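# Residue-level structural notes
Letter by letter, the chains look like this.
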Amino acid sequence: EYRRAFRKNDSSEIYIRRQLVGVLLDAFATHLSSSNVFNEEAIEYCIWLVDAFSDNLRSCADTQLISECLLGTAEYLASTPENIVPVFSRLASADKIVFKNAFAPYIEAVCKNVKDKKGYKVSPAAVVMEALLALDNRDQIENVASVARDLTTTDQIGSFYSFIPTIALTCHSNENVRGLAVDLLCSFSSTLSGNQRNEEWTTLTEVCCYFANNKSSVVLGGQTCLPGALASVLSTSSEKETIRKCLLEGILCSAAAYGLADSVSTKDRFKNRWLDVGQVFGGYRSAALLLDALESAGEEHFPLLSRWHLAGKPLLKGFHSLAQSKANVDGSFSQLVVAVIRMLKGVRLSELNSQGATSKSTIITSGPASRGGRSRSYSFGKNEGVKYLSPYPRDMSDSIVSILNETTDSPLHKEIMISLYEIILSSASWRQEIFSRLDSATRQKIALGVLSAASGVLMNNADVILSSLPLEACDVAKLLVSKRMTEDELSKVTFVSDYIITNSSSLASDPAIDGLFGSIFKQLASLPKAREYDESVGFARQALLSALLELINNVLEKGDRHLELDREKKFDSWMNSLVDVLVGNGNSDYHLVSPRLKRTIFYILASFCDRFPAAVVPKLIPIIIGVMPPLSTSVARSDGLAACLELAIPVYFKHSAKADLSPSDLFNGFIDHVSRYDTYSRVLLYQNFVGGLTKVIQDKNDMISPVGAFVAAVLAREMSSAPGDDPPTSDLPELSTRILSETGIQTRISAIWTIQCYAKDILFSVLQEENVKTGNLLYSVEDLSRIVCGPNSDATEESQKLCQVFIVAICDAVANAELRNVVKQSEGSSFETVLRMWQDLLLIQSTCNSHLGGFKSHEKHSFLESIVEVSGQALDWIQGYLPSHIFLAFVTSLMQDGETEELRSRAVQLIADRAASLDPRKPEAILFADMIPPLMELIKTTSSDASRLLKHSVFAAVETIGRSICLSSTTSREVSHNVDAFSDVVSFIASTIEKESNMIAGSFADITSSSRQLVGTGALCASTAIKICGPRAIPALTKLFKSLFEFLELANTFIKMTSRRDDNEVDWKEVNQARLMQLSFLRTFKALVEKLPLFLKPFLAQLLKVVSQIPETLRLESDNHSSLVETEMGQLQRAMTSYIPARHLVPAASESISLISDYSSILFTLKILTESVKASKTSEIVVQLNLILQSAFTLCDQHAGLVDSNALMNAAKDLVLALVLKLSEVQLRSLYGKFREWRRELDHNSERSKQRSLAFWEMSSTLSKHLKTIFLPCLTTVFADAVQELVSISDTVNSYLLRYAMLTLHSRSRAQEDASSFLCKKDAIRTADGKKRQKIDSELEIRTLKSLLLCLEFSLRSDAYNGGAWIREAESQRYEMLLRPLGKLLQCRLPCSLGSAEMSFESVVQGKTSDSGCVIGCLVALASAAGDEQLWKPLNHSVLQACANETRSEVRKAGVSCLLSLIKSIGEEYMVLIPECLPVLSELLEDSDEEIAGLAQDCISHSEELLGESLQDSLR
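None of the values given here were measured: they were computed from a predicted structure.

All right, on to the overall build of the protein chain then. Within the protein chain, the secondary structure is distributed over 70 helices and four strands. Across the 1516 residues that make up the protein chain, the buried fraction comes to 55%. Here the protein chain has roughly 66,300 Å² of accessible surface; of this, 48% comes from carbon and sulfur atoms.

Structure representation (C-alpha cells):
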C-alpha cells in the first residue's frame, strides 16, 4: 500500500509521504534483530526507496533515516559474504549524494564486520575491492572507489590488498575508470611508503609512481599497456626481486580471497579465505589479468619459475585442496586456471619491444572470454622468441600427474582438467619439446593418466591426445600390462591398441619393437581367461590384433632386417595362440570369434608368411579347416568365412612351395573335412572355398584353373563317399554347377575347361590312346583314381564313371543361359578357352566314335555312346554362342557337307536361332543377311522327294533373318541387296506352295504334317519377304493367292467340322496346325495389303470371302490359338481399310456380301466396308453410293427380322449412318427416297414386305437419333406412311377391344374362355370398309411398331428442341393425325401368343429403355413438341381415359405413368390441365394396385411442387 502511495509523484502531500517513510524506517530499525528475513526486507526496501524516489531523497533527514535503517543490517550482511557483492552493486547505482550520505557509511560498516572461514577479521579494503572489480558501470565504480579510498587512507594492509585489484582496474574498458584507478593507485603510495608491517611493500611505491607519471599512457593504452608498464618498472628498479615477489604475493591473495586484517601470512591462504570457490569474481579476474600481463612482460622481468613457485604452484595446490567443492565456476575462474595451467607448458617468452610485444613476432594465444565461453585451442605460433624450460621442473610434471590422477568429479576439477588437456596435452610443441624429453617413468604416468581419462570417458578428446603422445615402444609395452581383466582395464587395452595403430610407423622403427610384439602376444594370451566381459574381451582382442597387423605391415614396409621373430622361442607359441583364437580347440569359443576378428588374424598370418613362410604356412591348413562351422551347427551363408578364405588361400598358393607343400595338400585336407557335412552345407562350404580360389593370382599363360582342379577333386571325392556298390552319379554334375554358380563368367569358363582336360586325360587313359598333356594339372589321372577308389583298387570302371560325370558337368555348364549369353561375345583368354573346349569336344567325340565298334564289352560300349551323346549336346551349345564369323564358317561347312539331311537342317536351325538374338545394328548382322542366297541355293539343289524338313528349316531361318535383321536395314546398298534376295524368296515360296497344293487329294486331314508345316512356314516367310521386297513380289501374286486360298478354305472347313465334335474326339495337334496355318496366311495377307494395296483388286473379293469364314471357326473353347487368330483378323481389317482405296474395296466387299450366306462371315466384311466408308472422302463415296446401298438392301432382304441378326442389322445401320454422314442434305433426301422406294407399300400378307418395313423404320430411327432436325424433311416424305401404319395397328387393337366387350355379356368363366380362344385365332378381322385387317400376331410387326414409335419419338424431341415448328405446320394437322392412333395404342391389347417380354404390353406401351421405342415416350415427345394448351387437352383426355380404365390395371398404370411423364417433361405449363386430372387421380389413389397408387401420388406431389400449393382440398 505504501509503495502504491509513493508512486504518485504528482501528489502534493510530500510531507505526509516523508512521514510515512520515517514510520517505515523506524519500524525496520526497531525489528532488525528479530529475524534474518526482516533484515533482507529492510535492505530490499531501502534499495527500492532509493531507486524509486532518488529525486525526493536529497535531504539529509531522509538519507539519515535510510542510513540508520541500513546500518542495523550491517552485521547480518557481513555474516553472509556471498550477498555482499550483489548488494553493493545495487547500492552503488544510487546518486552520488544519496550514496555518500546513506550507503557509503553502510558499506564501510559491512566491510569492517566481515570475517574469514576461521573467524578472523578481514580487511575492509579487501572486501570493497572484491565488490569494486565485480562492477562494470563507471558511476558504480566511482561510488565504490570513493569508499575504497577512504578505507585505505590509513590502512596499510588494506592498501596492499587493494594494490593488485587496482592495477587490474587500469585495464578496464572505460577510460574514465582507468583514470580513476590510476588516481586510486597513486593514493596508495603514501600509505605503503610508511608501512611498518612489511618493509618490502614500500617497493610498490615505484609502481605507483610510474603509473602516476605515465597516467595518460596508461589511460589510453589500457590492458595492452600493462605488460610494458610492469616491465618498465622492473627494468629501472633496483628492487626488482622484491617488487616481483610483492606482485605475485598480491596476486595470490586476490585469487584466494585472502584478506586477514592483522597480518599477511604466507601459509594457509585458501583456508583463511573469506569467500568460497565460485563466489570470488574480482579476485579471479584481477589475478588472471595480472598473470597474463606478467607472462607477456617477458622472461627477463618475470621468469617463469618465479611465477610458478610464488603464484602458480600455490594456486594450483590451493585449487587441488578445494577440489571437493561442488560450487560452479564462472569465466573469471576459467581465465585464472588458464593463466596458471599455461605455466605448466614451460614456455619462456623473450623481452618486450617498445610496442609491448615480443621481439620477434606476435604470439597467438586463445583462451576463455572475459564473460565466459571457451575457445577451441590454445597454442603458440612459431616464434623465435619462444623457448622451453630445460630441464622440465619435477614439480611441474608432478602437478600434471596429480591433476590427471585426481578422481574427484567436481566443476572446479573439471575446469582444471579441461585446461590441462586443451593447453598442455593438446599442444604439439609441448609434446615435442617437453614430453618427449621426460624420463620414461614420468611419460608412462602421464600416458596412464590420459589413458584412464580416455577409458573412463572423462574427456572427449582424451583418446586423440593419447594417440598423439610421442611414446617409445617400451612405454607402450608397459601400458599393456594389466593385472586384472576388468571392464576398465579392457577398455585401456583397446585404447592402447588404437595408439599402436595410429603410431605404428614410428613404433616400427623403435629398437625395442620385439618387446612390444611380446607384450601384445602376452596380452592376447591372457584375454581368453577373462570370461566376465565377453563383449569387452572381444573388442579388446580385435583391437590388439588390428594393432598387431598394422605394426607388422609397417615393419615389413620399412624392411627391418633385424626383426627375427621366428628365432624367438615363443614365436611358435605365438602362432599357436592365433590358431587357438580361430579354431578354439574344438570348444565353444568358435561362437565368440567374430568374422572381422577372423579376417584380421588371417591378415596377420598373411603378413607373417611374407617374412617367415616356412614357419607360418603349415599353420594355414589347420586354420582353414578350423574356421569351418562345427558339424553340430547348421551352416548358413557367411560373408566372414568367405572373407577369411579369400585371404588365406591366395597366401597359401603363393608361399606353399617354400614350405614344401602343394595346393593338392590343401584341397585334400579341406575336402576330407567338409565331406562329413550334409549336402547343403557341403555346397555352401565348397562355394566359399572356390571364392577364395578366385583370388589366387595366376600366370597369364597358365590356362589351368585351380577352381577347376578343386571341383574335379570334389566330384571324385563325392563319388567315393556315395553309399552302395553303385554310387549315384546323376546328382554330381548338378553339384559342380552349384559350386560354380557364385563365380564370375571367366572363372567358370576356365574351370569348365580344366574339368574337360581331366575328362580327356581319363578317357584317353581308359582307351589307351596317346594324349598330349595340357598344362600343369594339379592332379594326375592316378591321383583322381586314388581319391575315388583308394590306393589298391582297380580304377578302370570308376574312372569311366568319373569321366561321364565330368562330361555331363561340362554339358550342363555350357547349357547355362547366363554363360551362353556372355560367352557369345567373349574376347581374349575366355574366347581362346571356348575354342579349345570346342576342339577338344570334337576330339573326344571323334575318338569315341572310332572306338564304338571295337569293344565287345557292353559296359564300355554304353560308356562310349553316352560320351558321344553328351559331348554332342555340349557341342551344340558351344556352336550356338561362338563368334558370328567363326560360327557361320562352321555351320556353312556343316550345312553343305553334312552327312544327313537332319544334320544339315540342324545347322540351318542354328543360323535361325543365332539371328533371332542378334542386334541388327551390329556390323556382323550383314553376314547373316548374306547367308540368304546360300540358304536358298541349298534347297533349290536338293531333291524334291525328301526336302520338306530342310525347306522348312530354310524358310524359318530366312524369315528370322529378314524379320530380325533385314527389316532394319537403312543403307541403300543393304536395301537393294535385300530386295533382290527376298524377291527370289517370294517366287520360290509361291512355287513351293503351289506344288504342295497340287498334291492335295482331299480334305485338310489328308495333307501330311510335314506339308502343313512347310506351307505354314513358307507363308510366314513370304509375309516377311513381301515386306522387304515390296512390288518385286507382284509376279508371284497370282500363284501365291490361288494356293493360299485353297489351303485356307480347307483349314477353315476342318476347324468348323472339329467344332461340332466332342473334345475327346478332337485331334488337337491337327487343330493347332490348322490354326498356325490361319495365322501365317493372315500375316501374309496383311503384308500384301500393306505393301501392294493397289495391285490386289483381282483378288479382293475372293480374299474377303475366304477370310470372312475365319470368325466362324473361332468357337473352339479349348483352342489356345484362337485369340491370336482373332488379333490377326483385327490387324488385317485395319490394314485393308487403311491401305486399300474405296474404289477397289467397296466393289469387292459388295461382291463378297452377295456370295456369303453366314451372318458371322458377312459381319467381318460389313465392318471392313463401314470402316472404308468412314476413311474415304465424300467424292469417293458418291461414286460408290448405289453399290453400297445395294449391299445394305441385300442384307436387309436376307436378314431383317431374324432372331440372330441383331449384330448384323446394327452393323448395317452403322454402314448407312457412316454413308449418310458423308452426304449433303440434298443427297440425304435422295438417298432416303431410294430407301422409301425399296420399302414400297406395306403388304400385310407379304413376309418380305414386313421385313422391309422393319428394316426401313430401324434405319429411320437410327437416322433420326443422330441427325436430329436434319432428318425432319426426310420424315415428312414418309409421314403419311407412318400415320397409316399407326392407324392400322390402333384400329386392329380397337377391334380386339370391341370383341372383348361383347364377350363380357356372357358368364365370367365362359367369357374368359371364349376371349382367350378368340384372341388366339389366326383368322382375319374385317375393317369397316370390308377389307381384311391383319392381326398383330407376330413379333415382326411388334418390332416394326416399336421402331416406328422410336423414330417418331426422336424426331418429335428434336422438333421440340427446335420450337415445335414442324409438328404445328398446317394448323397442327400432323399433331392430330398422330394423336388419335397413339391414344388408342395406349389401351391396346396384344395377342397372348406373343410370350416374349420385349413384345409385352409393358414394353410396347411403357417402354423399358430409352432407346426401345414405346407409346408413352412418343406421346410425351408429341406433347413437348406441340407446346400449346389447346393441343394438350385432347392428349390429356386420352391419357385420362387410360387412367380410368376399370377392367385392365396395366392400362391404368400406363395412363398414370404417361401423365407423370408429361408433368415432369412439360412442367409448370401443364398445370392448367391439372384440375381435369384431379378426379381421376383421386380415384387412382385408392386403387388396389399399390404401384398405381404410388404413381398417382407422385403426380400430385410433382404438381404441388410446381404450383407451390397443396392439392389435398381439391381431391375427392
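Glancing now at the packing of helix H10 (residues 156-169) against helix H11 (residues 175-193). Contact geometry of H10 with H11 gives a least axis separation of 9 Å together with a crossing angle of 155°. Classified by the angle their axes make, H10 and H11 are roughly antiparallel. Here H10 and H11 pass one another in a crossing that is left-handed. Of the residues in H11, those in contact with Gln156, Ser159, Phe160, Ser162, Phe163, Thr166, Ile167 and Leu169 of H10 are Val177, Arg178, Ala181, Leu184, Leu185, Phe188, Thr191 and Leu192. For the contact of H10 with H11, the per-class residue count stands at 10 nonpolar, five polar and one charged.

What follows is about the pattern of salt bridges. Between side chains of opposite charge, a pair can form as their charged atoms come close. What the rule picks out here adds up to 35 salt bridges. Asp439 serves as the salt-bridge partner of Arg394, at 3.2 Å between the closest nitrogen and oxygen. Placement of Arg394 in helix H19 (residues 394-405) and of Asp439 in the loop between helix H21 (428-433) and helix H22 (440-455) is noted, with a sequence separation of 45 residues between them. What makes Arg394 partly exposed here is its relative accessible area of 47%. Salt-bridge contacts for Asp672 lead to Arg717; the nearest nitrogen and oxygen are separated by 3.0 Å. Separated by 45 residues along the polypeptide, Asp672 in helix H33 (residues 663-674) and Arg717 in helix H35 (residues 706-721) bring together distant segments of the chain.

Looking now at the nonpolar core. Counting residues in each nonpolar core, the largest one holds 484 residues, and the members touching the most others are Phe163, Leu344, Leu516 and Phe1085. Those residues in contact with Leu516 that lie beyond four places of it in its chain are Ala473, Val476, Ala477, Leu480, Ile500, Leu507 and Leu551.

The next thing to look at is the packing of helix H14 (residues 226-236) against helix H15 (residues 240-256). Two numbers describe how H14 lies on H15: the axes approach to 8 Å, and their chain directions differ by 145°. Of H15, the residues touching H14 (which contributes Leu230, Val233 and Leu234) are Lys240, Ile243, Arg244 and Leu247. Residues that form the contact of H14 with H15 fall into these classes: five nonpolar, no polar and two charged.

In this model, the protein chain carries an average pLDDT of 78, and 79% of its residues clear a pLDDT of 70 or more. In the predicted structure, residues 32-38 sits below a pLDDT of 50 and forms 10 contacts with residues beyond four places in sequence or in another chain. In this model residues 1296-1337 is a low-confidence stretch, pLDDT under 50, and it forms 54 contacts with partners more than four residues away in sequence or in other chains.

Per the stated rule, a full pass over the model turns up 25 aromatic pairs. When the ring of Phe1045 is compared with that of Phe1085, the centres are 6.0 Å apart and the planes differ by 45°; the resulting orientation is tilted. Remark: Phe1085 occurs in helix H51 (residues 1068-1091) and Phe1045 occurs in helix H50 (residues 1037-1059); sequence separation between them is 40 residues. Taking the relative accessible area as the measure of exposure, Phe1045 reaches 7% and is therefore buried. When the ring of Phe1235 is compared with that of Trp1238, the centres are 6.5 Å apart and the planes differ by 90°; the resulting orientation is edge-to-face. Placement of both Phe1235 and Trp1238 in helix H59 (residues 1225-1239) is noted, with a separation of three residues, approximately one turn of the helix. For the residue pair Phe1235 and Trp1238, the accessibility class agrees, reading buried in each case.

In this section: the side chain of Arg431. Looking at the secondary structure, you find Arg431 in helix H21. Of the buried charged residues, Arg431 lacks a salt bridge, with Asp463 as the closest side chain of opposite charge at 12 Å. At 2.7 Å, the side chain of Arg431 and the backbone oxygen of Leu425 are in polar contact. Among the polar contacts made by the side chain of Arg431, one reaches the main-chain carbonyl oxygen of Ser468 at a distance of 3.2 Å. With sequence-adjacent residues up to four places away left out, Arg431 is seen in contact with Leu425, Ser426, Ser436, Ser468, Leu469 and Pro470.

A word on helix H63 (residues 1339-1361). Taking 1.5 Å per residue as the helical rise, H63 with its 23 residues ought to reach 33 Å, and the 33 Å between its terminal C-alpha atoms agrees with that figure. Most of H63 is tucked away, with 19 of its 23 residues classed as buried. Positive backbone phi, approximately 105°, marks Gly1363, located one or two places after H63.

The next subject is the environment of Val386. For Val386, the location among the structural elements is in strand E2 (residues 386-388). For Val386, a relative accessible area of 14% puts it in the buried group. For the pair formed by Val386 and Arg348, sequence separation is 38 residues and the distance between their alpha carbons is 5.8 Å.

This brings us to the state of the cysteines. Inspection of every chain in the model, using the stated rule, returns zero disulfides. No disulfide involves Cys171; its sulfur sits 8.6 Å from the nearest other cysteine sulfur, which is in Cys225. For the unlinked cysteine Cys1499, the closest cysteine sulfur is that of Cys1443, found at 7.4 Å.

As for its placement among the helices and strands, Leu1459 is situated in helix H68 (residues 1449-1466). Between the alpha carbons of Leu1459 and Val1439 there is a distance of 6.7 Å; along the sequence they are 20 residues apart. Excluding its chain neighbours within four sequence positions, the residues that come into contact with Leu1459 are Asn1436, Val1439, Tyr1470, Cys1477, Leu1481 and Cys1499.

Our next topic: the environment of Ser159. Mapped onto the elements of the fold, Ser159 is located in helix H10. The class of Ser159 is buried, set by a relative accessible area of 0%. Sequence-wise, Ser159 and Ser190 are 31 residues apart; in three dimensions their C-alpha atoms are separated by 9.9 Å. Other than its neighbours up to four places away in sequence, Ser159 contacts Thr152, Phe188, Thr191 and Leu192.

Between Ser390 and Pro391 the backbone carries a cis peptide bond, its omega angle lying at 5°. Positionally, Pro391 belongs in the loop between E2 and H19. Positive phi values are uncommon outside glycine, yet Asp660 reaches one of about 60°. Within the secondary structure layout, Asp660 lies in the loop between helix H32 (639-655) and H33. Residue classification places Asp660 among the exposed residues on the basis of a relative accessible area of 72%.

What follows deals with H19. Given a rise of 1.5 Å per residue, 12 residues ought to cover 16 Å, and the 16 Å separating the end C-alpha atoms of H19 matches this to within 8%. Those residues of H19 lying buried are Asp395, Met396, Ser397, Ser399, Ile400, Val401, Ile403 and Leu404. Buried residues along H19 sit against helix H17 (304-321), helix H18 (331-343), helix H20 (411-425), H21 and H22.

Thresholds, definitions, all that
- Residues numbered from 1 in each chain as written.
- Predicted model: local features only at pLDDT ≥ 70, side-chain atom pairs only at ≥ 80, totals over all residues.
- Heavy atoms only, no water.
- Helix = DSSP H or I, 4+ residues; strand = E, 2+ residues; numbered from the N terminus.
- Buried < 20%, exposed > 50% of the residue type's maximum accessible area, 1.4 Å probe, protein only.
- Areas by Shrake-Rupley, 256 points an atom, 1.4 Å probe, with all protein chains shown as cover.
- Axes fitted to C-alpha atoms, helices over the stretch in contact; angles between N-to-C directions.
- Parallel < 35°, antiparallel > 145°, perpendicular 65-115°, else oblique.
- Left-handed = near helix turned anticlockwise from the far one by under 90°.
- Contact = heavy atoms within 4.5 Å.
- Nonpolar A, V, L, I, M, F, W, Y, C, P; charged D, E, K, R; others polar.
- Salt bridge = Lys/Arg side-chain N within 4 Å of Asp/Glu carboxyl O.
- Core = buried A, V, L, I, M, F, W, Y, C linked by side-chain atoms within 4.5 Å.
- pLDDT = per-residue confidence, 0-100.
- Phe/Tyr/Trp six-rings, centres within 6.5 Å; stacked < 30°, edge-to-face > 60°.
- Lys, Arg positive; Asp, Glu negative; His and termini not counted.
- Polar contact = N/O pair within 3.5 Å; in protein donor to acceptor, adjacent residues only side chain to side chain.
- Expected span 1.5 Å × (residues − 1).
- Disulfide = S-S within 2.5 Å.

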